Amino acid sequence: MKLDGGDQVRKQGSQEEVLKEEEKKPQERKRARGQNKSRPCMKPKHYEKDRLCQSVIQECAEKCYFGSQCRFLHDVGEYMAVKPSDLGDSCILFKTFGKCIYGVTCRFARAHLGEDYRNIINGDLVKQWEGKSLVRNSLSKELQQRLRKKKVCFDKSSEYLSHLGKPSSAGNAGNKATGNSTEEKGMTNCTASKGNAEGLDVLPPGEEAPECLTVSEKGEASESMVLQSSCLVNASKDSTLKTIGPVTDEDVIKLRLCEKKRLDIQGKLYLAPLTTCGNLPFRRICKRFGADVTCGEMAVCTNLLQGQSSEWALLKRHYTEDLFGVQLEGAFPDTMTRCAELLNQTTEMDFVDINVGCPIDLVYKKGGGCALMNRSNKFEQIVRGMNSVLDVPLTVKIRTGVQEKVNLAHKVIPNIRKWGASMVTLHGRSREQRYTKVADWEYIAECAKLASPMPLFGNGDILSYEDANRAMQTGVSGIMIARGALIKPWIFTEVKEQRHWDISSNERFDILKDFTNYGLEHWGSDTQGVEKTRKFMLEWLSFLCRYIPAGLLEYLPQKINERPPYYMGRDYLETLMASQNVDDWIKIR
């Protein structure tokens, strides 16, 4: 049936009305995908817009690698016209080391700039620091490139991982390992000979592992297993190692657990690894006040294996940190074992700590942190694997459990001792509790007995020397201090001198000045370094404001979970430091 002109107009009009009604309906928000490029950026806008070329900063503009295609400024006069004003007349880098490597970009540049914006150098101070390494464990460009191109060979890790899923009986060389990265493309697989009593195949003393074979990108997993079995046959034919010339012990003898360097920190004060706030400048402050043992911030093993500069920065160690450890987080034995072997070869450290206490969802949902307490098989594989590739002691940090009323630590600690860990640290709260309730030191005392002879350090709610004394009476080997050090870093002095320190506001302000100088020394005195120092100082001030001066308390000591009402200090600065308002923190900054 054909429609006349009037019917067509009416139909077209009704369709338009339907479309208008659909447009009026609220549309469902589409799920955001891809990179969030509109997120707020840490760097100031003018920093990237008018940035000076590094070759000009180092006063070698003719050596600019990019030449005319360089996107940064090469005209010092143009840069100085838009550069933010200096923040002071004294540069801590020039004052301490005799030279500021940031040159004209330094926010205190007037202290060391001469004619034509030339950098002034104090030769005597430069000679004093020549050849001295202040900060260790930096990531070299060469290692970063090898990690990104996956050209690092993990011999010991591959040996351990290739036998994870195999039964202890011989002749099952064709079974696949449970680790998910042992047969990745481009990675290496190393074989060993006979198994030991623990079910892990380890070479007997006097024998070397066969040559490391690389799996080609086109090769299949079955081909790699054939190569491994052939290597095993060749190794069994020639069991005696033939050498020419002098041979050192480490070439033929594997380090036994009893021969490893022991971690002797009985009764020492341990500064906990603190995410964000436990940076290198803060650790220097705590070392000055008497902290014996320090540990870097939690580093994610997968990011380290990818060569991420931001993650490797968490491993940096100042030369004043005489007992220093590195804390790693991961959920699988392959990545954790490889990361441990990598750090064992490239990093100066006294021990490695496994984070099995992290409560945040981002880590927990991936199977890391506290989740490992419920994944005993993976937990065991991680501890045994890392212990087999490390030459330094391995420690573990755990919580009482995951759920609030279900304690797991007393079941896990004997296993940790059996797996070969040198020490365990127990935080007296579960994951669900976070910081809502006080730490359970009675339970920590029970676990300390179960851990013996392995040392156990207790952690939780220590804010005074009296809290520390009560903690030591529970039978623990030592105490770890976390939030207490953030609220009052001089707690280490109080514990060692057994006194309450009624510290003045001026003394506390001097601590912030020292932190600023350490921050500018560590992160830089240019715009980016100044902004980073400011950021981390504000993070720390959110804890420092919780301190109540000892001279104002009705009774001593202050409890860590107490939140006092607003009060007036003994002077304006003390009142400002007690404020919970971020605007007041900016005034202090």
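The coordinates are above.
Structural notes, computed from the coordinates. (Residues numbered from 1 in each chain as written. Predicted model: local features only at pLDDT ≥ 70, side-chain atom pairs only at ≥ 80, totals over all residues. Heavy atoms only, no water.)

### Points about the overall build of the protein chain
Scanning the protein chain for helices and strands turns up 25 helices and 13 strands. Counting across all 589 residues of the protein chain, residues that qualify as buried make up 47%. Considering only intrachain contacts with a sequence separation of at least 6, the fraction spanning at least 24 residues in the protein chain is 68%. About 31,900 Å² of surface is accessible on the protein chain, with carbon and sulfur atoms providing 50% of the total. (Helix = DSSP H or I, 4+ residues; strand = E, 2+ residues; numbered from the N terminus. Buried < 20%, exposed > 50% of the residue type's maximum accessible area, 1.4 Å probe, protein only. Contact = heavy atoms within 4.5 Å. Areas by Shrake-Rupley, 256 points an atom, 1.4 Å probe, with all protein chains shown as cover.)

### Here we look at the nonpolar core
With 112 residues, the main nonpolar core has Leu 328, Met 386, Ile 398, Ile 416 and Leu 456 as its most contacted residues. Counting residues per element, this core draws most heavily on helix α23 (residues 527-544), which supplies seven residues. The residues touching Ile 416, leaving out its near neighbours within four places in the chain, are Phe 379, Val 396, Ile 398, Ala 421, Val 424 and Met 454. In terms of nonpolar packing, the next biggest core, distinct from the first, is built from 23 residues, Leu 52, Ile 57, Phe 97 and Cys 106 among them. (Core = buried A, V, L, I, M, F, W, Y, C linked by side-chain atoms within 4.5 Å.)

### Thoughts on the packing of helix α16 (residues 376-389) against helix α17 (residues 409-419)
Here α16 crosses α17 at 30°, and the two axes come no closer than 9 Å. Here α17 runs roughly parallel to α16, going by the angle between their axes. In this structure, α16 crosses over α17, and the sense of that crossing is right-handed. Facing Ser 376, Phe 379, Glu 380, Val 383, Arg 384 and Asn 387 of α16, the residues of α17 in contact are Val 412, Ile 416, Lys 418 and Trp 419. Its residues assigned to classes, the contact of α16 with α17 comprises five nonpolar, two polar and three charged. (Axes fitted to C-alpha atoms, helices over the stretch in contact; angles between N-to-C directions. Parallel < 35°, antiparallel > 145°, perpendicular 65-115°, else oblique. Left-handed = near helix turned anticlockwise from the far one by under 90°. Nonpolar A, V, L, I, M, F, W, Y, C, P; charged D, E, K, R; others polar.)

### A word on unusual backbone geometry
In this structure, the amide linkage connecting Ser 452 to the following residue, Pro 453, adopts the cis form with an omega of 10°. With omega at -5°, the peptide bond leading from Leu 556 into Pro 557 counts as cis. Located in the positive-phi region is Arg 434, a residue other than glycine, with phi close to 55°. Mapped onto the fold, Arg 434 is located in the loop between β11 (423-427) and α18 (441-451). Looking at Arg 434, the relative accessible area reads 32%, which means it is partly exposed.

### Thoughts on the environment of Pro 273
With respect to the secondary-structure elements, Pro 273 resides in the loop between β4 (269-271) and α11 (280-288). For the pair Pro 273 and Met 480, spaced 207 residues apart in sequence, the C-alpha to C-alpha distance is 9.4 Å. What Pro 273 contacts, discounting residues up to four positions off in sequence, is Cys 295, Gly 296, Gln 327 and Met 480.

### Topic: the pattern of salt bridges
Per the counting criterion, the structure on display carries 24 salt bridges. Salt-bridge contacts for Arg 499 lead to Glu 497; the nearest nitrogen and oxygen are separated by 2.5 Å. Classification of Glu 497 as partly exposed rests on a relative accessible area of 46%. Through salt bridges with shared partners, a single network forms among Lys 83, Asp 86, Asp 89 and Arg 110. (Salt bridge = Lys/Arg side-chain N within 4 Å of Asp/Glu carboxyl O.)

### Concerning the pairing of strand β12 (residues 456-459)
What you see with β12 is no split at all: Leu 456 and Gly 458 on one side and Phe 457 and Asn 459 on the other are buried throughout. Examined bridge by bridge, β11 and β12 share four bridges and lie parallel to one another. Bridge assignment links Leu 426 to a residue of β12, and that residue is Gly 458. Crossover handedness for the path β11 to α18 to β12: right-handed. Where β12 lies against strand β13 (residues 478-481), three bridges are found, and the strand directions are parallel. By the bridge assignment for β13, Asn 459 is matched with Met 480. (Pairing = 2+ DSSP bridges. Right-handed = clockwise from strand over helix to strand, strands pointing away.)

### Details of the packing of α11 against helix α22 (residues 505-523)
Where α11 meets α22, the axes come as close as 8 Å, and the angle between the chain directions of the two elements is 135°. Taken as axis vectors, α11 and α22 run oblique relative to one another. Crossing geometry of α11 relative to α22 is assigned as right-handed. Of α22, the residues touching α11 (which contributes Leu 280, Pro 281, Phe 282, Arg 284, Ile 285 and Arg 288) are Ile 511, Asp 514, Phe 515, Tyr 518, Gly 519, Glu 521, His 522 and Trp 523. Partitioned by chemical class, the residues of the contact of α11 with α22 number eight nonpolar, two polar and four charged.

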